[in-house]
Amino acid sequence: DLISELNASGELLCIEKEVDSLFELAAVTKAVQHASNQTVLFENVKGSEFPTVTNIYNSRQRLCQLVGSEPDGFCPRWNDLYEQTPSRLGSESKTIDRPTDLADIKIGDLPLITYHERDAGPYFTSALFLAKHPETGVENLSFHRAMYVSDQELRIRLGSSHDLFAFQAAAEEKGDYLDAVMLIGVEPSLFLAGGARLPEDWSEIAFASAITDAPIERYPAISSDLLIPAPTEIVIEGRIQPVERRAEGPFGEFMGHYVEVGDNHVFEVTHA
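This is a predicted model, so every value here is computed, not measured.

What's the story with the side chain of Gln241 in this structure? I'm lost.
Looking at where Gln241 falls in the secondary structure, it is placed in strand 13 (residues 232-248). Within polar-contact distance, the side chain of Gln241 engages the side chain of Glu268 at 3.3 Å. Not counting the four nearest positions on each side in its chain, Gln241 is found in contact with Gln168, Glu172, Tyr177, Arg246, Val266 and Glu268.

This is the structure:
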């Protein structure tokens, strides 16, 4: 729906020519950011049947529209959403039946984007990870870069300051895997909630519910007891292995510098 709105308002640049996901897609996106800062829809990505959209959350004006604020009113509106979140806890979602039109894929079917010359390989950079604390059951949405190794394995950098790191540590202490899902192509409220800083006993799903002023519809995952937000285009189900760490990187981060190779967590894919 958002892409259709952007197209109608002239804010969407559609590229029909085949574009290579190895460097070229990222380079075109960067060039557009400097030239017109439009959202870019790549309709023909080499080696994949899936189109790719980039540069969606590209302006303060866009963010204001997505949270329902007046121009330059983002921060007061964000604070208001924060204050509303506690009242949503416990009723932030509505469970529905699993859709009947879901299609299984291999991760390799997706556009696997390599951004920079020294990157170790393709990366998912805007996928949301959904997990819940193994003891408290509190859910978390968060962003973590994920390096594609194979259709069965991704390597992710959790970052010690993130809730997902603490969730995984709690599971690992008991020798358990931590179930998690990667969400790609989510409804904007979920994407924005994934970047919110919330107390550890709050759920980002509740923050997203405050943005939409409605419960988030969700359906059961196939390989775990997690609930998938229905307004999600692509879901990769899996689990983070305990103890195991493997080489991840280098990767050119948004700060403009490479993060070198490090031993990071292993995400074992169970369904996609």
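Even after reading the chapter, I still don't get the environment of Leu66, so can you show me in this structure?
Mapped onto the elements of the fold, Leu66 is located in helix 3 (residues 60-67). In this structure, the C-alpha to C-alpha distance between Leu66 and Thr212, residues 146 residues apart in sequence, is 9.3 Å. What Leu66 contacts, discounting residues up to four positions off in sequence, is Leu2, Tyr57, Pro188, Leu192 and Ile211.

I would appreciate a short explanation of the state of the cysteines in the present structure.
As used in these notes, a disulfide is a covalent bond between sulfur atoms, one from each of two cysteines. On inspection of all chains with the given rule, the structure shows zero disulfides. Unpaired in terms of disulfides, Cys64 finds its nearest cysteine sulfur in Cys75, a separation of 8.4 Å.

Criteria and cut-off values
Residues numbered from 1 in each chain as written. Predicted model: local features only at pLDDT ≥ 70, side-chain atom pairs only at ≥ 80, totals over all residues. Heavy atoms only, no water. Helix = DSSP H or I, 4+ residues; strand = E, 2+ residues; numbered from the N terminus. Polar contact = N/O pair within 3.5 Å; in protein donor to acceptor, adjacent residues only side chain to side chain. Contact = heavy atoms within 4.5 Å. Disulfide = S-S within 2.5 Å.

These figures come from the coordinates and say nothing about function on their own.
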